[in-house]
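If you want the building blocks of each chain, they are given just below.
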Amino acid sequence: EVKLVESGGGLVQPGRSLKVSCAASGFSFNDYWMGWVRQAPGKGLEWIGEINQDSSTINYIPSLKDKFTISRDNAQNTLYLQMSKLGSEDTAIYYCAREHSGYGFFDYWGQGVMVTVSS
Amino acid sequence: DIHMTQNPVSLSAFIGDKVTITCRASQDISRYLGWYQQKQGQSPKFLMYYASNLLSGVPSRFSGSGSGTEYSLTITGIQPEDAATYFCQQCYSYPYTFGAGTKLELK
């Protein structure tokens, strides 16, 4: 069974940094592109970015490229999202997701982790 | 960026009805269009890719069509478990973008 479990969310002060993780199991992690999507409270989905199998290609939404960094550790079957210079607009549920055969669509999603940016 | 416009924003239907949700892209996305279902308090579930390819396990009452800039998701014979918000996503060019969602409620 494919499982994606995010962790590391919580309350963070504006301007600070936070790193969330996504532990993958039930599939061969190093065979798949992975990505992050966020959803502000009561809002729609926003694509953050994606990373290929060996981390040689990482794509971001331009508005977050200088703030967020996606990485992965294939030995640990874990995907990461490092967020810096956080503002209230970054308050959201952050989902990690597996790409469907590398086509960009996400076929499995984690349960999400809430990040709240507030003083 | 490619902007995805979904309509309607919300709709209400009876069990057994047929409903159609549309998604319009700001430019041709060559059928690189996916559909997701998100129930309240849950993460999104992938339904369909390349506009009309149903994921294994997704009920056949869901169908998709479209080309160019115009796409649609149709549910024929709505069931109680279909109450959810539906999102489209284009994966034609970066950054990949989602529609704002269509909330389906049951009467």
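Preceding block: the structure.
Attention here is on the structure that accompanies the text. (Residues numbered from 1 in each chain as written. Chains lettered and ligands numbered in written order. Predicted model: local features only at pLDDT ≥ 70, side-chain atom pairs only at ≥ 80, totals over all residues. Heavy atoms only, no water.)

On a plain count of helices and strands, chain A comes out with zero helices and eleven strands. Relative to its length of 119 residues, chain A is compact, with a C-alpha radius of gyration of 13 Å against a globular reference of 14 Å. Along the first, second and third principal axes, the C-alpha atoms of chain A reach 40 × 25 × 25 Å. Counting the 119 residues in chain A, one finds 51% classified as buried. For chain A, the computed accessible surface area is about 5,300 Å², with 45% contributed by carbon and sulfur atoms. The centroid of the 10 positive side-chain charges in chain A is displaced by 7 Å from the centroid of its 12 negative side-chain charges. (Helix = DSSP H or I, 4+ residues; strand = E, 2+ residues; numbered from the N terminus. Rg over C-alpha atoms; globule rule 2.2 N^0.38 Å. Buried < 20%, exposed > 50% of the residue type's maximum accessible area, 1.4 Å probe, protein only. Areas by Shrake-Rupley, 256 points an atom, 1.4 Å probe, with all protein chains shown as cover. Lys, Arg positive; Asp, Glu negative; His and termini not counted. Charge placed at Lys NZ, Arg CZ, Asp CG, Glu CD.)

All right, on to the pairing of strand 11 (residues 102-106) of chain B then. As paired elements, strand 2 (residues 10-13) of chain B and strand 11 of chain B share four bridges and run parallel to each other. Each bridged residue has a counterpart across the sheet, and for L11 of chain B the counterpart in strand 11 of chain B is L104 of chain B. (Pairing = 2+ DSSP bridges.)

Residue and element names in this part refer to chain A. Counting 68 residues, the largest nonpolar core has W36 and Y94 as the members making the most contacts within it. For this core, the element with the highest residue contribution is strand 9 (residues 92-99), accounting for five residues. When residues no more than four places from it in sequence are discounted, the contact partners of Y94 are E6, W36, V37, R38, I48, F68, L81, M83, G112, V113 and V115. (Core = buried A, V, L, I, M, F, W, Y, C linked by side-chain atoms within 4.5 Å. Contact = heavy atoms within 4.5 Å.)

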